[in-house]
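Listed below are the residues making up each chain.
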Amino acid sequence: MARRLSYSARFPHSADKLYQAQMQRQYWDDMMAGFQMISPHCEVADFVSDPTVGMRVVLKQTIGRDQLPPIAQTVMMKDMIITREESFGVFHPEDVTAGTYNASIPAGPGSLTGVQELFSTDTGCTIRKTTEVKVFVPFINGKLEQVMLVNLVDLFRAEAEYAKDWIDKNF
């Protein structure tokens, strides 16, 4: 059975500023540099940005098996290599700008997919992420899905704080 999560991050910046930040490779390179404090093997594997099409980024991060929660270590016998893809379509200043994200782990026991929406608010903008997590390991699937969602909330919070700081410093 899949588990779902809805998470919203609010920003004091305009939707246009947040979108423009994510359209720059440097934004993602700097984010991966920050992740290297936790996991030394992080990189932007692919990046495409075109205002007439949108943005797509592929991030790769290796997390040592010893850094995983004990329950995750029961199914991951090696370091975990996460490939994450995020995208946004063309920016719509008066409407919702839609995108997707997903994460995969070679020989991993599940999947993570989601949709994201960027839209303006009276005080700035919001990104709303709706995630679905599925783990295909009987008996522990629910526990692993819950661990993934808890860690995902922490990741979304950290990335929202990073985005705000990056825009403050670079725009």
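Preceding block: the structure.
Everything quoted here is computed from the prediction, not taken from an experiment.

1. Observations concerning the packing of helix H2 (residues 25-35) against helix H4 (residues 141-170)
Relative orientation and spacing of two packed helices are given, respectively, by the angle between their axes and the distance between those axes.
1) Next: Where H2 contacts H4, the two axes come as close as 11 Å, and the packing angle between them is 125 degrees. Comparing the axis directions of H2 and H4 gives the class oblique. Along this stretch, H2 crosses H4, giving a crossing that reads as right-handed. For the pair H2 and H4, contact is made by Gln 26, Tyr 27, Asp 30, Met 31 and Phe 35 and by Leu 155, Glu 159, Tyr 162, Ala 163 and Trp 166, respectively.
2) Next: Along the lines of polarity and charge, the residues of the contact of H2 with H4 split into seven nonpolar, one polar and two charged.

2. Looking at the packing of aromatic side chains
1) Next: Per the counting criterion, the structure on display carries eight aromatic pairs.
2) Next: Judged by centre distance (5.5 Å) and plane angle (40 degrees), the rings of Tyr 7 and Phe 156 are tilted. Here Tyr 7 is found in strand S1 (residues 3-11), whereas its partner Phe 156 is found in helix H4, with 149 residues between them in sequence.
3) Next: On the basis of relative accessibility, which here comes to 14%, the residue Tyr 7 falls in the buried class.
4) Next: Seen from their ring centres, Tyr 27 and Trp 166 are 5.3 Å apart, and the 80 degrees between their planes marks the pair as edge-to-face. Here Tyr 27 is found in helix H2, whereas its partner Trp 166 is found in helix H4, with 139 residues between them in sequence. In this pair, the class of Tyr 27 matches that of Trp 166, namely buried.
5) Next: Among the aromatic residues, those joined into a cluster by ring pairs are Tyr 27, Trp 28, Tyr 162, Trp 166 and Phe 171.
6) Next: Above the plane of the ring of Tyr 101 lies Lys 129, whose end atom (NZ or CZ) is 4.7 Å from the centre.

Reading guide: rules and limits
- Sequence order as written defines residue numbering, which begins from 1 separately in each chain.
- For a predicted model such as this one, the threshold for reporting local features is a pLDDT of at least 70, and the threshold for listing and counting side-chain atom pairs is 80 or more; totals across whole chains, interfaces and linings nevertheless cover every residue.
- Side-chain metrics rest on all non-hydrogen atoms present in the structure, leaving aside hydrogens and water.
- An axis is simply a line fitted to the C-alpha atoms; with a helix, the fit covers only the stretch in contact. Between two such axes, the angle follows the N-to-C directions and lies from 0 to 180 degrees.
- Elements are defined by DSSP. Helices are runs of H or I of four residues or more, strands are runs of E of two residues or more, and each kind is numbered from the N terminus.
- An angle counts as roughly parallel when it lies under 35 degrees, as roughly antiparallel when it exceeds 145, as roughly perpendicular when it falls between 65 and 115, and as oblique in every other case.
- Left-handed describes a crossing whose near helix is turned anticlockwise from the far helix through less than a right angle; right-handed describes the clockwise counterpart.
- A contact between two residues is defined here by any heavy atoms of the two lying within 4.5 Å.
- Residues are grouped as follows: Ala, Val, Leu, Ile, Met, Phe, Trp, Tyr, Cys and Pro are nonpolar; Asp, Glu, Lys and Arg are charged; every other residue, Gly included, is polar.
- Only the six-membered ring of Trp is used, alongside the rings of Phe and Tyr, when aromatic pairs are assigned; centres must lie within 6.5 Å, and planes under 30 degrees apart are stacked while those over 60 apart are edge-to-face, with the rest tilted.
- Summary of the burial criterion: residues with accessible area below 20% of their type's maximum are buried, those above 50% are exposed, and those between are partly exposed, where the area comes from a 1.4 Å probe applied to protein chains only.
- In this scheme, the term charge over a ring applies when either NZ of a lysine or CZ of an arginine sits within 6 Å of the ring centre and within 35 degrees of the ring normal.

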